[in-house]
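The residues making up each chain are set out below.
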Amino acid sequence: MVTFFIRRTIGAVLMLFVVSISTFLIFFGLPRLAGATPETFAARYLGRTADAHAQQLFAEKLGFYDPLWLQYWNWIKAIFVGTDYDYGTGIEHCAAPCFGYSFRTNHPVWDDLVDRLPVTFSLTVGASILWLVGGVAVGVLSALRKGSFFDRAAMTGALAGVSLPPYFTGLMFLYFFSYQFDLTAPGGTYVNFTDDPGEWAFSLILPWITLAMLNAAAYARFTRAGMLDTMGEDFIRTARAKGLHERVVVTKHGLRAALTPIITIFGLDVGLLLGGAILTESTFGLKGLGYFAIDAINKQDFPQIMGVTMFAAFFVVVANLIVDMLYAVVDPRVRLS
Amino acid sequence: MNTVISPRQDPTARPFLELRDLKIHFPTDDGVVKSVDGLSFSLERGKTLGIVGESGSGKSVSSLGILGIYHRRNANVSGEIWLDGQELVSSSPETVRGLRGKRMAMIFQDPLSAMHPYYTVGAQIIEAYRVHHKVSKKVARKHAIDLLARVGIPQPDKRVDDYPHQFSGGMRQRAMIAMALSCDPELLIADEPTTALDVTVQAQILDLMRDLQQEFNSALIIITHDLGVTAELADDVLVMYGGKCIEYGAATEIFENPEHPYTWGLLGSMPRLDQPVTERLLPIKGTPPSLINIPSGCAFHPRCAFEGRTAGASDTLVPELQLTGTSGHRVRCHMPAQVRQQIWRDEIKPTLEGTGQSVASMSELPSASDEQSEEVA
């Protein structure tokens, strides 16, 4: 059990290492192949109006003349221990974890990321609880009443839920619930949980539902298929033969087994969303990580893009790790292998 | 309808278990699947009934039907099941659930898939016990350990916390039996209890089941396609084909004087160690019928070698399950009893036993169950 956890943790660290190399090469290796020089890298910081001398000076200071591996090393080192930038006008210390400074705003990228995280985190947690509970409940009922009117209606609804993009459903919700009936907060509002939990939920309810609908539909279909499989298993027949109540047969014996694969995709989906729910955040004007990423990409702010990429990758890898460990807790057969 | 009861049954007394014309039909888009089509038999406490037949003959469905494990929406169940004076088909699902696992229990075929992979063996036995008895977990756990010890699992106080995948096949089947016995059931149904096991383990499990049946004096139904198992354990034998009983009688009768061509076929396709290896097995030609499209008349007629001797009745009339002889032996066949007995004596028996072979092997098999029935009685 312990070796299993250690092995998975090492695997996760290796995965992050690979992601960091790929990210670095995409932004500092590939442009070289396309003809970029250290001076053009420096120009991104200085703006196009800077003269050649200033560019050379800046490229020197930021280490763009160093070999690639050294640049990568410095980048990683900065993330772990921080670094000092010498701009000529004075030394500026960038504390760990240092992802550098934005081209445009000169804000430390890390501070921006940490600022945006609560929004994305709030959005993800609320939506994931909604879609997990809703999707699994609908899926179980559909499986137990296979072929009934409820089953058909739910599965048709699920298909619609998967097919409708959040910028459509989100805008529809905003129009009706917020502007027509004035039931919820308008788009673009976000209140910190610590400031006012009620307002926090009020401002997030529509984004939660929009995001949850998308995934709940997939989870309902997934749960239904899993429950149909499981309820046909021999051990369900055994549970019935013992004289257990049907409720116990369905939950303790059926759902328990059917939930295992759902936990897996749930972990991955949550990890993915923590890196930013781009469409939903944009639709509702929530300044989360997804919004941040889109903005950085539009403005070609490389330090920001790299920072948010590593941030998102970190969540996916950690979610994966947690899922693996949960798997071992849930399914005793995994522990031995 | 004439009542069909065990030949050893006192007709004036109520049997412990009696099925009367049990039918389990499943309406589907392709037609009605007649899995069980008019099954009747009776069984006393302490006795064993072997139900024999090929896959898809309705054996397992009838046993699940007795336990009431079917969807009332999907299955049409008619007829009567009497368990110790209580009729089950017309009882509420909740009443039958209360009996299930308590007064009647089942041992399933493949113990690996029949046990839940996520719960320990002990937890599954404890669950079976506690659903019918209001006791603390501690008491139930003690009971589970006792049961595991009783079915011959070494170090039961440690193995009780193991998961099914940590048990060997034979041990899993023992644990399965322990689970079925947790509430001292009076009726025990074993569905192919040894099919998934090694041959050496099979014998141990059969021994165990025989011992336990004597200890608990329960009625035992063994469902199998293995005539060897039947010969080993059964007092009565019921042969099923196409959802119907086609031959029913005392085990000695069925093994010594079988009268249905299908039973002859089953006996002929059983490998025998006392025959020279050059002898070929005699498989039954053809395949079991689809339970949606059961052949008209006698369901066995397309595969029957003696179809021509029924004077054309084979595909038009469904034969009745009729008494033959005086020993309570019943057969569902168009041929007259004398003709059947003559075919068995002159054509089938010599082939099965090989020319010049003694009949010892044939009579040896049922003798085991004779001894057993004497012990029980």
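Residues numbered from 1 in each chain as written. Chains lettered and ligands numbered in written order. Predicted model: local features only at pLDDT ≥ 70, side-chain atom pairs only at ≥ 80, totals over all residues.

**Student:** Explanation requested: the overall build of chain B in the structure shown.
**Tutor:** Secondary structure assignment for chain B yields 13 helices and 12 strands. Taken over the C-alpha trace, chain B has a radius of gyration of 21 Å; the compact-globule value for 377 residues is 21 Å, and the two agree within 12%. Referenced to the eigenvectors of the C-alpha coordinate spread, the extents of chain B come out at roughly 70 × 50 × 45 Å. Counting every position in chain B, which comprises 377 residues, the buried fraction comes to 47%. (Helix = DSSP H or I, 4+ residues; strand = E, 2+ residues; numbered from the N terminus. Rg over C-alpha atoms; globule rule 2.2 N^0.38 Å. Buried ≥ 20, exposed ≤ 12 C-beta atoms within 10 Å, placed from the backbone.)

**Student:** What is the right way to read helix H5 (residues 109-144) of chain A from this model?
**Tutor:** Turn by turn, an α-helix covers 3.6 residues, leaving residues three or four places apart pointing in a common direction. Over its 36 residues, H5(A) extends 50 Å from the first C-alpha to the last, a length consistent with the 52 Å expected when each residue adds 1.5 Å. The axis of H5(A) is deflected most strongly, by about 35°, at A:Leu117, and proline A:Pro118 appears within four residues downstream. (Expected span 1.5 Å × (residues − 1). Bend = angle between axes of the 7 residues up to and from the residue.)

**Student:** When you look at the interface of chain A and chain B in this model, what are you seeing that I'm missing?
**Tutor:** How big an interface is tends to be stated in terms of the accessible area lost upon association of its parts. If you look at the interface, chain A gives 16 residues, while chain B gives 23 residues. Of all elements in the fold, only helix H9 (234-241), helix H10 (246-274) and helix H14 (332-336) of chain A reach the threshold of two or more residues within the side of chain A that touches chain B. Take the side of chain A that touches chain B: its biggest share by element is 6 residues, from H9(A). Of the residues that constitute the side of chain A that touches chain B, the class distribution is 5 nonpolar, 3 polar and 8 charged. (Contact = placed C-beta atoms within 7 Å. Nonpolar A, V, L, I, M, F, W, Y, C, P; charged D, E, K, R; others polar.)

**Student:** Can you walk me through the pairing of strand E4 (residues 76-83) of chain B in this structure?
**Tutor:** Every regular strand shows the same layout, with side chains that alternate between the two sheet faces. All names here are of chain B. Inspection of the sheet shows strand E1 (residues 17-28) paired to E4 by 7 bridges, in the antiparallel sense. Within E4, the position partnered with Leu17 by the bridge is Leu83. Direction of pairing for E4 relative to strand E5 (residues 86-87): antiparallel, over a ladder of 2 bridges. Bridge pairing links Trp82 to Glu87 in E5. The antiparallel hairpin formed by E4 and E5 contains 2 residues in its connecting segment, where Asp84 sits at a positive phi of about 50°. (Pairing = 2+ DSSP bridges.)

**Student:** Help me understand the packing of H10(A) against helix H13 (residues 302-330) of chain A in this model?
**Tutor:** Residue and element names in this part refer to chain A. Where H10 contacts H13, the axes come no closer than 8 Å and their chain directions differ by 160°. By the criterion of interaxial angle, the relationship of H10 to H13 is roughly antiparallel. Taken as a pair, H10 and H13 cross one another with a handedness that is right-handed. The segment H10 lies against H13, with Thr260, Ile263, Thr264, Gly267, Leu268, Val270, Gly271, Leu272 and Leu274 engaging Phe315, Val316, Val318, Ala319, Asn320, Ile322, Val323, Leu326, Tyr327 and Val330. Its residues assigned to classes, the contact of H10 with H13 comprises 14 nonpolar, 5 polar and no charged. (Axes fitted to C-alpha atoms, helices over the stretch in contact; angles between N-to-C directions. Parallel < 35°, antiparallel > 145°, perpendicular 65-115°, else oblique. Left-handed = near helix turned anticlockwise from the far one by under 90°.)

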